[in-house]
Amino acid sequence: MTESTTRHGAGPDRGTGAVVVVAAALLDRGRLLAARRSAPAELAGRWELPGGKVEPGERPEDALVRELREELGVEAETAERIPGEWPLKPGYVLRVWTARLLSGEPRPLEDHDELRWLARDELDTVDWLDQDRPAVAEAARRLPGV
Ligand code: 9L3
Ligand code: MG
């Protein structure tokens with residue numbers, strides 16, 4: 001059994017006590033999906049890998065599939081964990097998976113006001129949240145190069 005399937009109870013990770021925020025490097029047709037946040041005010045206008053908080057008792061990968069359904073209106077599956085963990089605000093950490101679209105075309109239904117599919121050489125055309133940058137750089141290695 002993995003750590004995630006044995007975890008019970010509240011959002012805080014059993015090991016660290018931090019709430020886990022999961023995000024997706026959604027890859028499709030050689031591009032990565034970037035989402036522009038519309039809230040909260042201090043993050044609005046910055047770009048992120050879409051996702052959100054793991055709920056109590058939820059597996060992180062399931063949380064990510066749920067968040068992509070809620071925020072983008074798509075069905076997706078997680079593929080590969082991007083190694084690492086990045087601190088957010090105090091008590092929150094970010095973990096990222098690559099993900100594949102199974103059905104639907106992403107639309108900014110919740111918390112975002114714009115979406116863009118970016119090729120590898122376009123990744124620095126948007127203002128990513130600082131905490132997302134290492135995972136975006138790692139995801140870029142999965143995109144066709146120039
Ligand atoms: N956050 C940072 N990078 C991301 C995501 C999905 C989230 N790729 C931060 C922003 C919020 C917190 O994590 O402070 C919770 O995210 P959400 O539930 O508001 O999406
Ligand atoms: Mg979110």
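For the structure, check the block above.
### A closer look at the site of ligand 1
Phase 1 of the analysis: For ligand 1, the set of nearby residues contains 14 residues, the closest of which are Arg37, Glu48, Leu49, Gly51 and Asp132.
Phase 2 of the analysis: Between arginine 37 and ligand 1, the recorded distance is 2.8 Å, taken from a side-chain N or O atom to an oxygen atom.
Phase 3 of the analysis: Contacts to ligand 1 include leucine 49, whose backbone N or O atom sits 2.7 Å from a nitrogen atom.
Phase 4 of the analysis: Here ligand 1 has 440 Å² of accessible area as a free molecule, and 89% of this is covered by the chains.
Phase 5 of the analysis: Comparing atom positions with the cavity grids shows ligand 1 to sit within the largest pocket.
Phase 6 of the analysis: Of all the elements in the fold, those that place two or more residues in the shell around ligand 1 are strand S1 (19–28) and strand S4 (51–53).
Phase 7 of the analysis: Among the elements that line the shell around ligand 1, the one with the most residues is S4, at 3 residues.

### Details of the coordination of the magnesium ion (ligand 2)
Phase 1 of the analysis: Surrounding the magnesium ion (ligand 2) are the protein donor atoms Gly51 (O) and Glu71 (OE), which sit 2.0 to 2.1 Å from the metal. Here glycine 51 is found in strand S4, whereas its partner glutamate 71 is found in helix H2 (residues 60–72), with 20 residues between them in sequence.
Phase 2 of the analysis: Since its relative accessible area comes to 2%, glutamate 71 is described here as buried.

### Concerning the environment of aspartate 111
Phase 1 of the analysis: One can find aspartate 111 in the loop between strand S6 (92–103) and strand S7 (112–118).
Phase 2 of the analysis: Distance from aspartate 111 to leucine 72, taken between C-alpha atoms, is 9.6 Å for residues 39 residues apart in sequence.
Phase 3 of the analysis: When neighbours within four sequence positions are excluded, aspartate 111 is seen to be in contact with Arg36, Arg37, Ser38, Ala39 and Glu71.

Rules used throughout
- Residues numbered from 1 in each chain as written.
- Chains lettered and ligands numbered in written order.
- Predicted model: local features only at pLDDT ≥ 70, side-chain atom pairs only at ≥ 80, totals over all residues.
- Heavy atoms only, no water.
- Near = heavy atom within 4 Å.
- Polar contact = N/O pair within 3.5 Å; in protein donor to acceptor, adjacent residues only side chain to side chain.
- Areas by Shrake-Rupley, 256 points an atom, 1.4 Å probe, with all protein chains shown as cover.
- 1 Å grid on protein atoms, 1.4 Å probe; cavity = no way out; pocket = protein on both sides within 12 Å on 5 of 7 lines; lining within 4 Å.
- Sits in = over half its atoms within 2 Å of the grid points.
- Helix = DSSP H or I, 4+ residues; strand = E, 2+ residues; numbered from the N terminus.
- Donors = N, O, S within 2.8 Å, 3.2 Å for Na, K, Ca; no water.
- Buried < 20%, exposed > 50% of the residue type's maximum accessible area, 1.4 Å probe, protein only.
- Contact = heavy atoms within 4.5 Å.

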